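What follows is the residue order along each chain.
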Amino acid sequence: MIRAVVFDVGECLVDETREYGTWADWLGVPRHTFHALFGAVIAQGRDYRETFQEVRPGFDLYAERERRARAGQPERFGEEDLYADVRPALGELRRAGLWLGIAGNQTVRAGAILRELFTPDVDLIGTSDDWDASKPDPEFFRRVAAAVPFDAAETLYVGDRVDNDIAPARQAGMRTALIRRGPWATIQWETEDARKLPTFRVESLRELAALIEGFTD
């Protein structure tokens, strides 16, 4: 039985197209070049942050985020950046009586934005900066499990990455759903792990309510 659903943020709830475009602008790189480098780094199995190193060796992401903020260009996303299925899916899952959470690798600033957007709709909003633990560190998923008032096996973690979301959540004893969108899921979708590890594979968050209703161990 699944009684709780916890969502990743980037490319699960939030379309990050605009955010990465603003990073290209900040770095002075054509957007198509930055996006191509980003895809190449992911396809090679490297950390996405190495994209910035390709453009500017020695790049410090946290320091640059602060520089952007001081320059009046902080990281920002809003209702217009949410995928179209997010609000309907949350409503369907809530009406089905499920406990809902959001937990991802996000900064304190992004956590504040998430709380503005989602506090009335979910029971938990947690970030890696809040917990001082980032996916795929097992400690991150221990924090998720501790925050959810049900057993790990009754919790479904939804994400777009096999490596950062599905595999470590599964190792933590959770059920998992891989959603096919964003660069990671698109690249990983046909891999062996993407086929065998998730409890569910979905094209839309709106598939979840029916899948959960019909789920048996």
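For the structure given in this document, a descriptive report is provided here. Note that the coordinates shown come from a computational prediction; the quantities given were computed from them, not determined experimentally. (Residues numbered from 1 in each chain as written. Predicted model: local features only at pLDDT ≥ 70, side-chain atom pairs only at ≥ 80, totals over all residues. Heavy atoms only, no water.)

1. A short note on the pairing of strand 4 (residues 155-159)
This is how it is decided: Type-normalised accessible area, obtained with a 1.4 Å probe on protein chains alone, sets the label of each residue: buried when under 20%, exposed when over 50%, and partly exposed for intermediate values. The way it works is that DSSP assigns letters per residue, a run of H or I at least four long becomes a helix, a run of E at least two long becomes a strand, and they are numbered from the N terminus.
Extensive coverage of strand 4 is indicated by the burial of five of its five residues. Along strand 4, one buried face is formed by Thr155, Tyr157 and Gly159 and the opposite face, lined by Leu156 and Val158, is buried too.

2. Some details on the nonpolar core
Heads up, the condition is: To qualify as a nonpolar core, a set must consist of buried Ala, Val, Leu, Ile, Met, Phe, Trp, Tyr and Cys residues joined through side-chain atoms within 4.5 Å. By definition, residues are in contact when any of their heavy atoms lie within 4.5 Å.
Among the nonpolar cores identified, the biggest contains 34 residues, and Phe7, Phe118, Leu205 and Leu208 are the most heavily contacted of them. Looking at this core, the elements that each hand over two or more residues are strand 1 (4-7), helix 5 (86-95), strand 2 (99-104), helix 6 (108-118), strand 4, strand 5 (175-179), strand 6 (200-202) and helix 12 (208-213). With five residues, the top contributor of residues to this core is helix 6. If near-sequence neighbours (up to four positions away) are discounted, Leu208 is found in contact with Phe7, Leu93, Leu156, Val158, Ala177 and Val202.

3. Some points on the side chain of Gln188
Operational definition: A 3.5 Å cut-off defines polar contacts: any pair of N or O atoms within that distance qualifies, except that in protein one atom must be a possible hydrogen donor and the other a possible acceptor, and neighbouring residues in sequence count only when both atoms are side-chain atoms.
Structurally, the position occupied by Gln188 is in helix 10 (residues 182-188). Residue class for Gln188 comes out buried when judged on its relative accessible area of 14%. Of the polar contacts made by the side chain of Gln188, one reaches the backbone nitrogen of Val162; its length is 2.8 Å. If we skip the residues at most four places from it in the chain, Gln188 touches Asp160, Arg161, Val162, Asp163 and Ala194.

4. Digging into the layout of surface pockets
Convention followed: Of the two site types, the cavity is a set of points on a 1 Å grid over the protein atoms alone where a 1.4 Å probe fits but cannot get out, and the pocket is an open set with protein on both sides within 12 Å along at least five of seven lines, each lined by residues with an atom within 4 Å of a point. Grid points are joined across faces, edges and corners, and a volume is the space filled by probe spheres set on the points. Following the grouping adopted for this structure description, the nonpolar residues are Ala, Val, Leu, Ile, Met, Phe, Trp, Tyr, Cys and Pro, the charged ones are Asp, Glu, Lys and Arg, and the polar ones are all others, Gly among them.
One number sums up the size of the largest pocket: a volume of about 720 Å³. As for the largest pocket, its lining consists of 33 residues, and the residues nearest its centre are Glu16, Tyr20, Tyr48, Asn105 and Gln106. It is helix 1 (residues 17-27) that provides the largest number of residues to the lining of the largest pocket, a total of four residues. In the lining of the largest pocket, the residues fall into eleven nonpolar, seven polar and 15 charged.

5. Observations concerning the sheet that holds strand 4
Whenever strands of a sheet pair, they do so through backbone hydrogen bonds, lying parallel or antiparallel. This is how the line gets drawn: In this analysis, strands are considered paired if DSSP registers two or more bridges between them. Axis lines are fitted through C-alpha atoms, for helices just across the contact stretch, and the angle between N-to-C directions can take any value from 0 to 180 degrees.
The sheet built from six strands is open, its strands ordered 3-2-1-4-5-6 with parallel pairing. Edge positions in the sheet fall to strand 3 (124-127) and strand 6, since each of these pairs with one other strand and no more. With direction set aside, neighbouring strand axes in the sheet form an average angle of 20°. Sheet topology places strand 1 next to strand 2; four bridges connect them, and they run parallel. Along strand 2, the bridge assignment pairs Phe7 with Ile102. Across the face of the sheet, helix 5 comes into contact with strand 1 and strand 2 while running at roughly 140° to strand 2.

6. Re the pattern of salt bridges
Oppositely charged side chains may form a pair once their charged atoms are brought near each other. Condition: For this document, the term salt bridge refers to a Lys or Arg side-chain nitrogen within 4 Å of an Asp or Glu carboxyl oxygen.
Applying the stated rule across the entire model yields 26 salt bridges. Residue Glu92 is joined to Arg206 by a salt bridge in which the shortest nitrogen-to-oxygen separation is 2.4 Å. Separated by 114 residues along the polypeptide, Glu92 in helix 5 and Arg206 in the loop between strand 6 and helix 12 bring together distant segments of the chain. Overall, Arg206 belongs to the partly exposed group, its relative accessible area being 45%. Between Arg143 and Glu139 there is a salt bridge, and its shortest N-O distance comes to 2.9 Å. With Arg143 and Glu139 both in helix 8 (residues 138-147) and four residues apart, the pair spans about one turn of that helix.

7. Details of the pairing of strand 1
Alternating residues of strand 1 divide into Ala4 and Val6 and Val5 and Phe7, and every residue in both groups is buried. Of the strand pairs in this sheet, strand 1 and strand 4 are connected by four bridges, and their pairing is parallel. Within the sheet, the bridge partner assigned to Val6 lies in strand 4 and is Tyr157.

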